[in-house]
Amino acid sequence: MFCGINGIYEKLQEYLNPLLKKFNDKRVVEKIQHVISQAIAHQTLRLWTLATNKREFERMKTLFNGELQSVLDDQKISETLRGLSVAELSNEDVIIALHDPCDIRKEYAEKMENLGIVRDLDGNLVNGYNTFNTVCVSGDGKRLHLSDITVYSNGDKAHYVKQSELDALVKKQVASIKKKGTVEWTEREKAIVEMLEEDEVVNLGRVTRKQLQAVSQQFKAANPQITVWHVLDRQFDDASLFEFITHDLEDKCVIRLKVSRNANDMMVDEAGKERYLKLLNAPLSGKRVETLDKVCLQKKVYQQVKRVIEWGSLTLTGEDYTVVRVTLLTRDGRPIFKNPMLLLTNHPVANAEEALAIYRTYLRRSKIEEVFKFVKNAVGWEEFQVRDWESIKNLIALGFFIGGYFYYLEPQLAHHPVIEWLCQLGNGKGQITRHFFLEGLKCLLIHQHVEQMREQARLTDPEWDAVLAFVT
């Protein structure tokens, strides 16, 4: 049993080593190890909770706020995660990279630096920060590793630029060239030009392209034969992104389309005007209808569900893609969802089996949503209580990194005998889950910390018995 426990400690050290190797100062390495073990033990990123006193709190802060020469920053963390993901999955023939933003909500915060605006679960605007994340999954879906995180804020006036501002700037530049005259530039436009020259402009579109490229290049560097699929949700319905993945990265993609997307087919409306048909209603060349005995959706079970899968071509800005449309109907023919699911892929689809494979690839996206929920619940992803931007973005990245440890550990220790004991220690009562394992590990790390403190204080057995007698 104790050998197994030591093995878990070794796995944690194994996971941390690529990150720790980025630092030369032994004291910094020890601080990082201590902060991470404390964060796991307390399941929070609140430094004040992790520290035993104000002095230790101040020492912890220097790891993140830039005061030290060696900062535990978001870039080092993301590079480490990506390297671990590539090391674990690059032997696969196919890798599926799931990409998705996740808002970090600080609804009641007022004095945090670069505080932006995000949406809560009900769609209301609240204070918070932005992240764009990548989780990589093996082709069969059995192996999952957290890969990348970019932390940014739409409240960061020194770096954040709306895409509409960039588009307007380009139009003004083109117009000035055509007119061959002087143009009045605003102070904001001058600042944006400087940011572009320094490659410091941040928005979701630019972050997305950089992160997709970093993931693709590193996997292909490790395995030139690997096929990389990028899976994204409907907010990435953008023809320029489709082209970027297809031609610049030379990768595959499955991206959900907005219901407002037009088809290539035309229709004549009641006023006699020609209009494009919506993809929701446009005829597609292939179709299969099949019945599923039981389907569980949003905690509701449906019997005898009809799944209608259709596929056909779509041309955007001169590029040919395939659209897969999926409709789910109850046994009496009523749609389960308001609209069918529209998926775009740059991979050829010739039959129902290939269309179904595209649909199933997209459904892998639910795995990244599970990761977000786990990191928020188990690591306290939104619980940091620092005010400076440097510390904020680095702590957010660290939370994602700590969450990655449990996914790194899970497949290797799924049948490890100590797992059951740790879940029991975490009050699992026979259940073996990531949550109860985390609870058990928390108890174990607290025990380890107490033993270290006892050793440092050089307490004799009688003195230790007196301590135990006092608290019990």
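Further up the page is the structure itself.
Think of each chain on its own: its residues are numbered from 1, step by step along the sequence as written. It should be noted that, the model being predicted, local features are given only for residues of pLDDT at least 70 and side-chain atom pairs only at 80 or more, the latter also being counted only at that level, while totals for whole chains, interfaces and linings use all residues. Derived side-chain values reflect all non-hydrogen atoms in the structure, with water molecules and hydrogen atoms excluded from consideration.

Caption draft 1: Highlighting the pattern of salt bridges. Put simply, a salt bridge is a Lys or Arg side-chain nitrogen that is within 4 Å of an Asp or Glu carboxyl oxygen. Across all of its chains, the model carries 28 salt bridges by this definition. One salt bridge connects D237 with R261, and the closest N-O pair in it is separated by 2.4 Å. Here D237 is found in the loop between β5 (227-232) and α9 (239-248), whereas its partner R261 is found in the loop between β6 (252-256) and β7 (262-268), with 24 residues between them in sequence. With a 1.4 Å probe rolled over the protein chains alone, any residue whose accessible area is under 20% of its type maximum counts as buried; one over 50% counts as exposed, and the rest are partly exposed. On the accessibility criterion, D237 (12% relative accessible area) is buried. When its relative accessible area of 19% is taken as the criterion, R261 is described as buried. Here R325 ties to E310 by a salt bridge, and the two come within 3.0 Å at their closest N and O atoms. Taken as a pair, R325 in strand β11 (residues 319-329) and E310 in strand β10 (residues 300-316) lie far apart in primary sequence, 15 residues in all. Helix numbers and strand numbers start at the N terminus; a helix is a DSSP run of H or I with at least 4 residues, a strand a run of E with at least 2.

Caption draft 2: Structural detail: a negative patch on the surface. Taken together, the side chains of E194, E197, E198 and E200 present a region of like negative charge at the surface. Relative to the helices and strands, E200 resides in the loop between α7 (187-197) and α8 (204-222). The exposure class of E200 is partly exposed, given its relative accessible area of 36%. Think of a patch as exposed residues, more than 30% relative accessible area, with no salt bridge, where like charges cluster within 9 Å and nonpolar side chains (Val, Leu, Ile, Met, Phe, Trp, Tyr) cluster within 5 Å. Areas reported as accessible are Shrake-Rupley estimates using a 1.4 Å probe. Residue values count occlusion only from the protein chains shown. Asp and Glu count as negative and Lys and Arg as positive, but His and the ends of the chain are not part of the count. Where a charge sits is defined by one atom per residue type, namely NZ (Lys), CZ (Arg), CG (Asp) or CD (Glu).

Caption draft 3: Just the pairing of β7, in detail. Should DSSP find at least two bridges between two strands, the strands are regarded as paired. Direction of pairing for β7 relative to strand β8 (residues 274-278): antiparallel, over a ladder of 4 bridges. Along β8, the bridge assignment pairs M267 with R275. Hairpin remark: β7 followed by β8, antiparallel, with 5 residues in the connecting loop; positive phi at G272, about 85 degrees.

Caption draft 4: Summary view of the packing of helix α11 (residues 366-378) against helix α12 (residues 389-409). Every axis corresponds to a line fitted to the C-alpha atoms, with the helix fit spanning only the stretch in contact, and the corresponding angles, defined between N-to-C directions, vary from 0 to 180 degrees. Axis separation between α11 and α12 bottoms out at 9 Å; the angle between their running directions is 110 degrees. Of the possible angle classes, the one that applies to α11 and α12 is roughly perpendicular. Contacts between α11 and α12 pair E370, V371, F372, F374 and V375 from the former with G399, F400, G403, F406 and Y407 from the latter. Side-chain classes are defined by residue name, with Ala, Val, Leu, Ile, Met, Phe, Trp, Tyr, Cys and Pro counting as nonpolar, Asp, Glu, Lys and Arg as charged, and the others, Gly among them, as polar. Classifying every residue of the contact of α11 with α12 gives 7 nonpolar, 2 polar and 1 charged. Here the angle decides the label: under 35 degrees means roughly parallel, over 145 means roughly antiparallel, 65 to 115 means roughly perpendicular, and every other value means oblique. Contacts were defined at the residue level, with two residues in contact if any of their heavy atoms lie within 4.5 Å.

Caption draft 5: Fine view of unusual backbone geometry. Look at D199: it is not a glycine, yet its phi comes out positive at around 55 degrees. Along the chain, the position of D199 falls in the loop between α7 and α8.

Caption draft 6: Spatial organisation of the environment of S78. As for its position among the elements, S78 is in helix α5 (residues 74-89). Its relative accessible area of 6% is what places S78 among the buried residues. Distance from S78 to L398, taken between C-alpha atoms, is 9.0 Å for residues 320 residues apart in sequence. Beyond its immediate stretch of four places on either side in the chain, S78 contacts S147, D148 and I149. Engagement of the side chain of S78 in a polar contact is seen with the side chain of D148, the distance being 3.1 Å. Think of a polar contact as two N or O atoms within 3.5 Å of one another; within protein, one of them needs to be a possible hydrogen donor and the other a possible acceptor, and neighboring residues in sequence only count if both atoms come from side chains.

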